[in-house]
Amino acid sequence: MSTLLSVQGVSKRFGGLTAVDNASLEVVDGSITGLIGPNGAGKTTLFTVIAGFEPATAGTVRFEGRDITGLPAHVRAMQGIARTFQIVQPFAGLSVRENIAVGAFLRHKARHAALEQADAVGHQVGLGPLLDQSAGQLTVAGRKRLELARALATAPRLLLLDEVLAGLNPSEIRDMMPVVQAIRSSGVTILIVEHVMQAVMSLCDTVHVLAQGRIIAAGPPGAVSRDPAVIEAYLGHGAAARMQAQDIRQAEARGRNPGAHHA
Amino acid sequence: MSRQPYMPIALVVVGLALLPLGLTSNTVLNFLAFAMIITLAAQGWNILGGYGGQFSFGHAVFFGTGAYAMALLQVRFGINPWLALPLAMALGAGVGFAIGYLSFRARLRGSYFALVTLAFAEVFRISANAWGFTGGAAGVLVPLRIGAEHMQFADKRLAYWLALTFVAATLALTHALSRSRFGAHLVAVRENEEAARALGVDALAVKLKAITLSGAITASAGCLYTQKFLYLDANLAYGPWISVEALLAPIIGGLGTVFGPLVGAVVLLGLGEVTKTAFANLTGGAIPGVDLVVFGVLLILCVAYAPRGVLGLAQGWLGRLKGARP
Ligand SMILES: Nc1ncnc2c1ncn2[C@@H]1O[C@H](COP(=O)(O)OP(=O)(O)OP(=O)(O)O)[C@@H](O)[C@H]1O
Ligand SMILES: [Mg+2]
């Protein structure tokens with residue numbers, strides 16, 4: 001188990017606002033690693049720094065052991081880091097196939113090779129029937145798939161997925177989960193930002209929790225979701241204690257009145 | 001996809017090449033040669049603006065640089081025009097790279113980039129008008145020396161065919177570009193620069209390549225202009241008229257398409273010519289600038305009803321015709 005990506009003490013300030021505050025995390029090669037946290041926690045900002053779209057105010061980012069902190073985004077893409085955008089950014093004037101081909105051109109110089117690769121990736125993420133459609137006409141679910149497909153077409157080693165499930169209905173989410181799993185099985189390491197907890201629980205090996213720019217917990221998803229600090233970050237101060245009290249009251253009620261719960 | 005992708009280009013070029021065989025009218029031959037020169041200038045603009053989405057309002061800066069370099073290399077340095085032409089194109093490319101480096105590195109986009117190019121064209125125009133080396137306000141005259149070796153043709157058709165050769169080469173180049181990795185990157189930058197960067201596109205390098213190529217092509221139009229008219233001044237070479245025509249032709253013909261600049265230039269100049277003649281006949285005297293009114297109206301119509309230009313309209317009609325058939 002080697003470390004593919006290592007974020008060390010990264011901070012990102014926008015003027016007076018500290019969006020990411022001394023955050024460190026590691027992504028193990030071959031894993032699906034989750035990055036969760038409440039709205040505005042700094043998850044997207046951390047992605048932006050990892051992918052090289054914004055310089056870090058402090059800290060270093062290492063990929064495959066190399067310090068990549070100073071490299072521009074396109075060079076990081078060349079080295080194998082691909083990202084999707086939380087706010088989808090399709091090339092609206094192009095077809096789905098052409099959109100994906102832009103990604104595929106990173107590893108293929110010839111047009112036919114890039115188009116072939118685009119078709120293959122399009123089918124892999126379930127865009128097969130829509131390849132000739134204009135990207136501007138896709139539904140939300142289609143656009144999310146397109147984000148994924150384009151990033152995947154660059155043949156990355158590390159895929160940064162920023163809420164690719166947000167805005168999808170439950171059945172669309174069920175369709176997407178195996179796609180993400182299959183990408184990992186094909187050897188791509190994934191760092192995923194997600195609010196859909198059911199997905200985080202079933203997909204991720206490890207989860208890092210960001211709150212107000214800081215990493216407040218890390219570990220297997222089950223343990224992290226029971227961590228009082230995490231519960232407080234999501235539900236507010238005192239929430240963990242209240243929930244615990246509630247659990248105890250419920251347990252006591254069950255104790256006094258056995259079987260009532262299942263009646 | 002057709003297996004002979006260059007066939008349409010070959011057909012159009014052969015058709016255009018045959019045009020003057022049946023024609024002897026000097027007016028028509030002059031018109032055709034001029035239309036090819038404008039097409040060429042517009043083709044240069046189309047690579048940067050149509051494919052790359054970087055709208056320049058100052059392509060006169062390249063046209064004028066090509067035109068002046070062509071004239072001055074002959075007049076001041078005694079260089080043969082056939083050698084002066086590639087040198088002038090290289091200079092146009094250099095000016096393109098310099099302007100691109102200054103503005104794209106400063107992350108100028110959209111209207112800011114457009115205004116900066118406009119400013120550059122004006123600076124060049126005012127300088128050429130003031131500087132003795134470029135002939136100042138009097139301009140430059142290239143001595144009349146008829147002969148193919150001096151790129152001056154007694155037969156007007158030869159001048160037309162020379163310009164057509166450049167247009168044909170640029171059609172082929174544009175087609176090749178549109179199917180290359182560089183072309184895909186250029187279009188991606190036009191559509192969404194952030195997304196392009198995420199896919200490994202070096203947006204700055206792509207834009208620099210595009211403006212360099214664009215500068216060279218539009219400069220070649222300036223070279224041919226010099227050889228056709230053998231006279232230049234700052235307003236002809238660097239004036240806003242050519243910036244406007246280089247940008248209007250692709251918009252009217254079809255932005256970011258291989259044939260857009262050609263179609264647009266022919267429509268634009270054709271309608272301009274017809275209106276000028278019509279008004280001259282009606283009022284008994286030429287009204288200067290009436291063709292500009294036509295250009296303005298065309299632009300408004302295009303923006304309102306044919307955002308993909310004449311070619312886009314034609315495609316739509318063809319599509320509906322095909323769709324209507326059972
Ligand atoms: N370019 C920017 N300029 C200024 N502030 C920014 C910028 N980008 C993000 N922020 C701020 O940084 C903080 C973190 O935002 P970020 O988008 O990273 O959160 P997030 O965890 O991705 O939230 P969400 O779950 O809603 O997507 C927010 O307060 C946001 O307003
Ligand atoms: Mg976010």
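Computed from a predicted model, the values in this text were never measured in an experiment.

Across the contact, 24 residues belong to chain A and 20 residues belong to chain B. Counting the surface lost from both chain A and chain B, the interface buries some 1900 Å², and carbon and sulfur atoms represent 63% of this. The interface formed by chain A and chain B holds 0 salt bridges in total. Residue assignment for the side of chain A that touches chain B shows that the elements contributing at least two residues are helix H2 (73–79), helix H3 (96–104) and helix H5 (140–153) of chain A. When residues in the side of chain A that touches chain B are grouped by element, the largest group, 3 residues, is from H2 of chain A.

Volume-wise, the largest pocket comes out at about 1500 Å³. Along its surface, the largest pocket is lined by 43 residues, and Glu98 of chain A together with Tyr51, Ser178, Gly256 and Thr257 of chain B are the ones closest to its centre. Mapped by element, the contributors of at least two residues to the lining of the largest pocket are H3 and helix H4 (111–124) of chain A together with helix H1 (7–18), helix H2 (26–51), helix H6 (156–178), helix H7 (181–191) and helix H14 (309–324) of chain B. Tallying contributions element by element places H7 of chain B first for the lining of the largest pocket, with 5 residues. Here the residues of the lining of the largest pocket sort into 19 nonpolar, 16 polar and 8 charged. Here the second largest pocket defines a volume of roughly 500 Å³. For the lining of the second largest pocket, the residue count by class is 9 nonpolar, 4 polar and 9 charged.

To continue, consider the coordination of the magnesium ion (ligand 2). Residues and elements named next belong to chain A. Around the magnesium ion (ligand 2), the protein contributes the donor atoms Thr44 (OG1) and Gln86 (OE1), which lie 1.9 to 2.1 Å from the metal centre. Placement of Thr44 in helix H1 (residues 43–50) and of Gln86 in the loop between strand S6 (81–83) and H3 is noted, with a sequence separation of 42 residues between them. Here Thr44 falls in the partly exposed class, since its relative accessible area comes to 26%. Using a relative accessible area of 31% as the deciding quantity, one classes Gln86 as partly exposed.

With that out of the way, let us pick up H6 of chain B. All names here are of chain B. End to end, H6 covers 33 Å across 23 residues, agreeing with the expected 33 Å (1.5 Å per residue, within 8%). Looking at H6, one finds that the buried residues are Tyr160, Leu162, Ala163, Leu164, Val167, Ala168, Thr170, Leu171, Thr174, His175 and Leu177. On its buried face, H6 sits against H1, H2, helix H4 (81–105), H7 and helix H9 (203–229). At the N-terminal end of H6, a side-chain oxygen is found 2.9 Å from the backbone nitrogen of Arg157, two or three residues along, and the residue is Asp155.

The next subject is the site of ligand 1. All names here are of chain A. Ligand 1 sits among 13 residues. The nearest are Gly40, Lys43, Thr44, Thr45 and Gln86. One of the side-chain nitrogen or oxygen atoms of Thr45 is found 2.5 Å away from an oxygen atom of ligand 1. Taking 630 Å² as the accessible area of ligand 1 by itself, protein coverage stands at 62%. Listing elements by their share of the shell around ligand 1, those giving two or more residues are strand S2 (17–28) and H1. In terms of residue count, the dominant contributor to the shell around ligand 1 is H1 (3 residues). By residue class, the composition of the shell around ligand 1 is 4 nonpolar, 7 polar and 2 charged.

Positive phi, normally seen in glycine, also occurs at Glu64 of chain A, with a value near 50°. Looking at the element boundaries, Glu64 of chain A is found in the loop between strand S4 (58–63) and strand S5 (66–67). Of note in this structure, Met151 of chain B is not a glycine but carries a positive phi near 55°. Residue Met151 of chain B is classed as buried on the basis of its relative accessible area, which comes to 1%.

Bringing the sheet that holds strand S9 (residues 206–211) of chain A into the picture now. Residues and elements named next belong to chain A. Judged by pairing direction, the sheet is mixed, and its 6 strands sit side by side in the order S6-S7-S8-S3-S9-S10 without closing on themselves. Looking at strand neighbours, the two that pair on one side only are S6 and strand S10 (214–219), the edges of this open sheet. The sheet shows a mean angle of 20° between the axes of neighbouring strands, taken without regard to direction. The sheet contact formed by strand S7 (residues 158–162) and strand S8 (residues 189–193) spans 5 bridges and is parallel. Counted as the bridge partner of Asp162 is Val193 from S8. Contacting S6 and S7, H5 crosses the sheet at an angle of about 165° to S7. Together, strand S3 (32–36), S9 and S10 form the strand contacts of helix H9 (residues 228–235), whose direction differs from that of S10 by roughly 130°.

The rules behind the values
Residues numbered from 1 in each chain as written. Chains lettered and ligands numbered in written order. Predicted model: local features only at pLDDT ≥ 70, side-chain atom pairs only at ≥ 80, totals over all residues. Heavy atoms only, no water. Contact = heavy atoms within 4.5 Å. Buried area = accessible area lost by both parts, 1.4 Å probe. Salt bridge = Lys/Arg side-chain N within 4 Å of Asp/Glu carboxyl O. Helix = DSSP H or I, 4+ residues; strand = E, 2+ residues; numbered from the N terminus. 1 Å grid on protein atoms, 1.4 Å probe; cavity = no way out; pocket = protein on both sides within 12 Å on 5 of 7 lines; lining within 4 Å. Points joined across faces, edges and corners; volume = space filled by probe spheres on them. Nonpolar A, V, L, I, M, F, W, Y, C, P; charged D, E, K, R; others polar. Donors = N, O, S within 2.8 Å, 3.2 Å for Na, K, Ca; no water. Buried < 20%, exposed > 50% of the residue type's maximum accessible area, 1.4 Å probe, protein only. Expected span 1.5 Å × (residues − 1). Polar contact = N/O pair within 3.5 Å; in protein donor to acceptor, adjacent residues only side chain to side chain. Near = heavy atom within 4 Å. Areas by Shrake-Rupley, 256 points an atom, 1.4 Å probe, with all protein chains shown as cover. Pairing = 2+ DSSP bridges. Axes fitted to C-alpha atoms, helices over the stretch in contact; angles between N-to-C directions.

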